[in-house]
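Coordinates in review
The primary structure of each chain is shown beneath.
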Amino acid sequence: MLNFLIFGPPGSGKGTQSVKLAEKFNLAHLSTGDMLRAEIAAETELGRKVSSIMAKGELVPDEVVIEMIAGKIDRAENVAGFLFDGFPRTVEQTVALEKMLNDRKMKIDSMLVLDVEHDELVKRLVGRAELSGRPDDKDTVVIENRIAVYRGKTEPIISYCRERGIYQPVNGMGSIEEIFDRLSVHVSRLAN
Ligand code: B4P
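What comes next concerns the included structure. (Residues numbered from 1 in each chain as written. Predicted model: local features only at pLDDT ≥ 70, side-chain atom pairs only at ≥ 80, totals over all residues. Heavy atoms only, no water.)

1. Regarding the sheet that holds strand β5 (residues 167-171)
With parallel pairing, 5 strands are arranged side by side in an open sheet as β2-β3-β1-β4-β5. Looking at strand neighbours, the two that pair on one side only are β2 (28-31) and β5, the edges of this open sheet. If you compare each strand with its neighbour and ignore which way they point, the axes differ by 20° on average. Bridging between strand β1 (residues 2-7) and strand β4 (residues 110-115) involves 4 bridges; their strand directions are parallel. The residue of β4 that forms the bridge with L5 is M111. Sheet contacts for helix α2 (residues 32-41): β2 and β3 (81-85); angle to β2, the most-contacted strand, approximately 65°. Helix-sheet contacts for helix α9 (residues 156-163) involve β1, β4 and β5, and the interaxial angle to β4 is about 140°. (Pairing = 2+ DSSP bridges. Helix = DSSP H or I, 4+ residues; strand = E, 2+ residues; numbered from the N terminus. Axes fitted to C-alpha atoms, helices over the stretch in contact; angles between N-to-C directions. Contact = heavy atoms within 4.5 Å.)

Set out below in structure tokens:
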């Protein structure tokens, strides 16, 4: 199995690229953001609990996403591996993921980190707001908070993964196809 993280700040293209990579390499695409938004749309108890947290651009509690991911790993069938999109977002989530994979005789093979300039992140998210209607994309104060939360709570995962020799930065500036080609080179290498 080939398991990797697609990593980067909000608006770096994680979701966009993950859909394309999952299709090309037959991977299960596990996006905690999508899972949480589905809970909100279905008006479940969990959805009601997380909607105000997400609307402010804060992270939902670690135990919520860890439990969601574990269930998805166990239900996946006929895939070449797992592509984790937007998860983990804290060092605690990373430790939990390593344990989850380890218990199932797997590991994190790589962390692909999309590097994108700050102004471009804001531009992309503001642009998406018009189409997505996502409350966390509509307000630039919330967008800036999401980026600050990323720098404070999520970015420390990079040092953690660097120590494990799995950190791989990727230039996330340019067209969606250019970035997809760069990522595909790395994933092809991992797959062979
Ligand atoms: P996510 O759903 O993970 O969303 P995101 O980080 O905001 O966006 P993403 O990075 O996937 O978007 P993309 O760049 O592809 O998280 C949302 C919220 O959920 C979090 O704030 C948090 O509250 C909660 N959450 C999720 N996971 C969690 C976890 N593990 N723990 C705790 N809380 C969690 O796309 C952005 C836009 O840019 C799109 O419009 C796209 O079309 C455009 N774009 C992409 N690439 C482009 C390019 N190359 N050029 C131009 N535009 C591009």
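2. Focus on the packing of aromatic side chains
All chains considered together, the criterion is met by 3 aromatic pairs. Both rings, one in F7 and one in Y150, keep their centres 5.9 Å apart while their planes meet at 50°; by these two values the pair is tilted. Here F7, found in strand β1, pairs with Y150, found in helix α8 (residues 140-154); they are 143 residues apart in sequence, far enough to count as distant. Taking the relative accessible area as the measure of exposure, F7 reaches 3% and is therefore buried. Ring-pair connections join several aromatic residues into one group, and the members of that group are F82, F84 and F87. Note that K20 overlies the ring of F180, its terminal NZ or CZ placed 4.7 Å from the centroid. (Phe/Tyr/Trp six-rings, centres within 6.5 Å; stacked < 30°, edge-to-face > 60°. Buried < 20%, exposed > 50% of the residue type's maximum accessible area, 1.4 Å probe, protein only. Lys NZ or Arg CZ within 6 Å of the ring centre and 35° of its normal.)

Purely spatial values, then, with no claim about function.
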